[in-house]
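# Overview (structure and organization)
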Amino acid sequence: MKAKHQRLTLVILALVALGGAAALALSALGDRATYFYAPTDVVTKGVEPGRAVRLGGMVADGSIKRDADGVTYHFVVTDNLNSTPVVFKGVPPDLFTENSGVIAEGRFDAKGQFIADNLLAKHDERYMPPEVAGAMHKTDTVE
Amino acid sequence: MIAELGLAALWMAAALSLLQLGVPALGLRRDDPAWIAAARPLAVAQGVLVLLAFACLIWVFAITDLSVKLVAENSHPDKPWLYKIAGSWGNHEGSMLLWVTVLAVAGAGIALLERRISGRMVAATLAAQAAIGLGFHAFLLFASNPFTRLDPPAATGAGLNPLLQDPGLAFHPPTLYFGYVGLSVAFAYAVAALALREVGPTFARAMRPWVLGAWVWLTLGITAGSYWAYYELGWGGYWFWDPVENASLMPWLAATALLHSVTVLATRDALRAWTVMLGVVAFSMSMVGTFLVRSGILTSVHAFAVDPRRGGFILALLAIYIGAALILFALRAGTVREGAPFDAVSREGGLVLNNLLLSAILGVVFVGTLYPLAAEALSGTKLSVGPPYFEATAGPLGLLLIGLIGAGPILQWRRDDPTRLARRLALPVLAGVIAALMAVAVWNARGALIVAAFAVAVMAAIASPIPLFRRKLRRTPLHVFGMVLAHLGVAVSLFGMAANAAFTKEALVAVAPGDSFALGDFTATFRGVDPVAGPNWTAIEAAIDVRRGAADPIRLTPQARTYSSPVTETTEASIVTRWDGQLYGVLGQQNEDGRWQVRLWWKPFVTLIWVGGCLIALGGIIALGGRLWRERRRHDR
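Residues numbered from 1 in each chain as written. Chains lettered and ligands numbered in written order. Predicted model: local features only at pLDDT ≥ 70, side-chain atom pairs only at ≥ 80, totals over all residues.

### Considering the interface of chain A and chain B
This is how it is decided: The contact criterion used is a C-beta to C-beta distance within 7 Å, with each C-beta placed from the backbone. Secondary structure elements follow DSSP: runs of H or I no shorter than four residues count as helices, runs of E no shorter than two count as strands, and numbering proceeds from the N terminus. Amino acids outside the nonpolar list (Ala, Val, Leu, Ile, Met, Phe, Trp, Tyr, Cys, Pro) and the charged list (Asp, Glu, Lys, Arg) are all regarded as polar, and Gly is one of them. Should DSSP find at least two bridges between two strands, the strands are regarded as paired.
On the chain B side, the residues contacting the 35 residues of chain A number 34 residues. Listing elements by their share of the side of chain A that touches chain B, those giving two or more residues are α1 (3–32), β1 (34–37) and α3 (130–142) of chain A. Among the elements that make up the side of chain A that touches chain B, the one with the highest residue count is α1 of chain A (16 residues). Of the residues in the side of chain A that touches chain B, the class split is 20 nonpolar, seven polar and eight charged. Relative to strand β1 (residues 383–384) of chain B, β1 of chain A runs antiparallel, the two sharing two bridges.

Written as structure tokens, this is what we have:
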């Protein structure tokens, strides 16, 4: 292979690799990026069942219930306008309590119930996840 | 007084770094040997001063001087000694001072030890280093002064986040910083070589130990960080594709690519422009990592700063350095002469493929990490990109890359015969296929990616020692052993990941004392809970006996801990290692009916993930030692 051709081949290969990586990244992002929804977004925009999303808001007062197995939780996430029922099986974080901010990662089932794989609540009680603060703020201005 | 001494040393070091940038740069311009030679003593003096400032910081933390704001905010008189010292870099200001310290000490190291390249190259490298140092000095002095006094002094300290009070974590940030700074040295060499038009094997040989050293530190840092997340967070996972984790992975990927391409440049004088470009990219990734972690745009245990000015400052530094380097590259790339030619099937060709795959992985990780930030900044959309994205993109690319581990090292430089390659790889490929079939048929593994991972891991493990066959082992250079060990480590680590993904068993129950439950072929019995106490925490400790067949029971003792300063609750997982895996137990909350939530995992061969990481780092250390020793012998002759 001639020297000139070699540099050209390498440049083309590099561009193809980078282009391929970019295409792969963008198509995967379209399918797999996890969007954040507040309960009002769920009502207004709608979420297809089975798609991985994050649901954020406050845990509604008096809504936490536990099944007989002792590890399955039912609760309601609210943004003061709308609310969404959530099921979570697992050990919730220490600061998972009623009237505090939470982000649930999971997906909706066909019945419109949110099946959470993971709950996020920060240890510090002054902390509110930024997305939740944003969602609460939005509904405040709507009211 | 000590704090003022530290601050004074820092200001003087900043002034010296300005000189270290200006004097050699002007000297090179005017071709004045005295000015060029001034770079070395300036770099040494700057290193000594910054080291003094860092020693002062450690001192005020060691004696818990509560009149220093940083100490009052991050330390506590009752803290164990090790964490008082580690606390000096377990916060934003201290960690940035550590950054600058490592940078300046590395500069002094170049000034004292570098004898292989010309005095002009040394001066240009040190000037480029000083340019980086200057930015960080400004950042420290204007936006993150670690020595600010409190008047009046605080009555007591606020303490250190208990999650960070862990011996592994005390040394995790310095490890990564050594890696980041090592890459900044490689960057300085690359910029110097571009500026002086000396891109060639000599430059590559001078840069290589720094790249190798940085890469070893990054490997150790990532391995330690991953194990820390595994046992400290209590979620049973070892890698979460968290932006902070990606911040350490991206420089590692770039450094791995650079490590391979610099070898081509040093040995065969090919891939010149590409290697220089990778040097710029690798340092950019270190800066992006520092930006992600230090700017406070992420909420995580790692993100200390929430001062937006700081994020802006680091972003500006990032833009200046990378922008300047890219402009220099654009101006000079045309003057970099074409390297030596090679065939597609050759060692060089294999390394090009390695570099392309690593760059592609770096690209998808970069996009996935920064896309949420960009989306929010541009359109206000809130989203996160998690494991599903990274597994779908980086997963297959990574498997392809590891699959090539067997082929690359047995190829000959310049030109090789494809049939010879196929003959030598037949056995490893066959073993990989058999492993995949057995994983599916005998052990019921599911998922294309997981089965492929088993095949690739077994193939790479068997193929990696082939470069040692039919060689006189006593005459084989050390770096070949290092390479074989590192490649074997990758295979071992991948096997651990595949086994963990395919065969992990989990039990999640609420139990009263005396209750038993099943976990795969184990039977676990919950014995009850007891209060226990440590130096600055109290805890509730559960006792769980786990039995497999007729063997003696294994006692797991997970805790729910409460730290006193600051008051924080954490869960301490209990982990017991057996030859074929780990038992991992977590204690949850107590229900109203008195039962306790318990989560148990059996993770087959999970330890191999970190054993592999250590093998990779050890391979790097051996290669580095071998290279330095050879260089020295050559120099003595």
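Read on for the rest.
### Examining the pairing of strand β6 (residues 101–108) of chain A
Note on strand geometry: in a regular strand, side chains alternate between the two faces of the sheet. Residue and element names in this part refer to chain A. By the bridge criterion, six bridges tie strand β2 (residues 53–59) to β6 in an arrangement that is antiparallel. Directly across from Val53, in β6, lies its bridge partner Gly106. Of the pairings in the sheet, the one linking β6 to strand β7 (residues 114–120) comprises six bridges and is antiparallel in character. Across the sheet, residue Glu105 finds its bridge partner in β7, namely Asn118. Between β6 and the antiparallel strand that follows it, β7, lie five residues; Gly112 among them carries a positive phi value of about 85 degrees.

### Focus on helix α10 (residues 201–232) of chain B
Residues separated by three or four positions in an α-helix point in the same direction, a consequence of the helix having 3.6 residues per turn. Residue and element names in this part refer to chain B. Here is the rule we go by: Here the expected span of a helix is defined as 1.5 Å times the quantity of residues minus one. We define the bend at each residue as the angle formed by axes fitted to the 7 residues ending at it and the 7 residues starting at it. Here a residue counts as buried when 20 or more other C-beta atoms sit within 10 Å of its C-beta, as exposed when there are 12 or fewer, and as partly exposed otherwise, the C-beta atoms being derived from the backbone.
When the terminal C-alpha atoms of α10 are compared, their 45 Å separation across 32 residues agrees well with the 46 Å that a helix rising 1.5 Å per residue should span. At Met207, α10 shows its largest kink, close to 35 degrees, and the proline Pro209 lies no more than four residues downstream. Most of α10 sits out of view: 26 of its 32 residues are buried. Gly234 sits one or two residues past α10 and shows a positive phi near 75 degrees.

### A few points about the sheet that holds strand β2 (residues 505–511) of chain B
Residue and element names in this part refer to chain B. Rules: Between the N-to-C directions of two axes lies an angle of 0 to 180 degrees, each axis being a line fitted to C-alpha atoms and, for a helix, fitted only over the stretch in contact.
In space, the four strands of this open sheet follow the order β2-β11-β10-β9, with antiparallel pairing throughout. Each edge of the sheet is formed by a strand with only one pairing partner; in this case those strands are β2 and β9 (574–578). The average angle at which neighbouring strand axes cross in this sheet is 15 degrees, direction not considered. In the sheet, strand β10 (residues 581–590) pairs with strand β11 (residues 596–604) via eight bridges, with the strands oriented antiparallel. Following the sheet pairing, Tyr584 is matched in β11 by Trp601.

### Some points on the packing of helix α3 (residues 39–62) of chain B against helix α7 (residues 119–143) of chain B
Residues and elements named next belong to chain B. Note the cut-off: Handedness of a crossing is defined here by the sense of rotation of the near helix relative to the far one, left-handed for an anticlockwise turn of less than a right angle and right-handed for a clockwise turn.
The geometry of α3 relative to α7 is characterised by a closest axis approach of 9 Å and an angle of 35 degrees between their N-to-C directions. The handedness of the crossing between α3 and α7 is left-handed. Taking contact as the criterion, the partners of Ala39, Arg40 and Ala43 in α3 are, on α7, Val122, Ala123, Leu126 and Ala127. The residue makeup of the contact of α3 with α7, split by class, is six nonpolar, no polar and one charged.

### A word on the environment of Tyr189 of chain B
Residues and elements named next belong to chain B. Along the chain, Tyr189 turns up in helix α9 (residues 172–196). Residue Tyr189 is classed as buried on the basis of its 30 C-beta neighbours within 10 Å. The sequence separation of Tyr189 and Gln129 amounts to 60 residues, and the corresponding C-alpha distance is 8.6 Å. Setting aside its immediate chain neighbours within four residues, Tyr189 contacts Thr125, Phe203, Ala206, Met207 and Gly279.

### Some thoughts on the confidence of the model for chain B
Residue and element names in this part refer to chain B. Selection criterion: What pLDDT reports is the predictor's confidence in each residue, on a scale of 0 through 100.
Per-chain confidence: chain B averages 87 in pLDDT, with 96% of residues scoring 70 or above. Summarising per-element confidence for chain B, the mean pLDDT is lowest in helix α8 (residues 167–170) (69) and highest in helix α18 (residues 478–503) (94). Predicted confidence is poor over residues 299–305, with pLDDT under 50, and the contacts of this stretch with residues over four places away or in other chains come to 18 contacts. Here the predicted complex carries an ipTM of 0.78, next to a pTM of 0.90.

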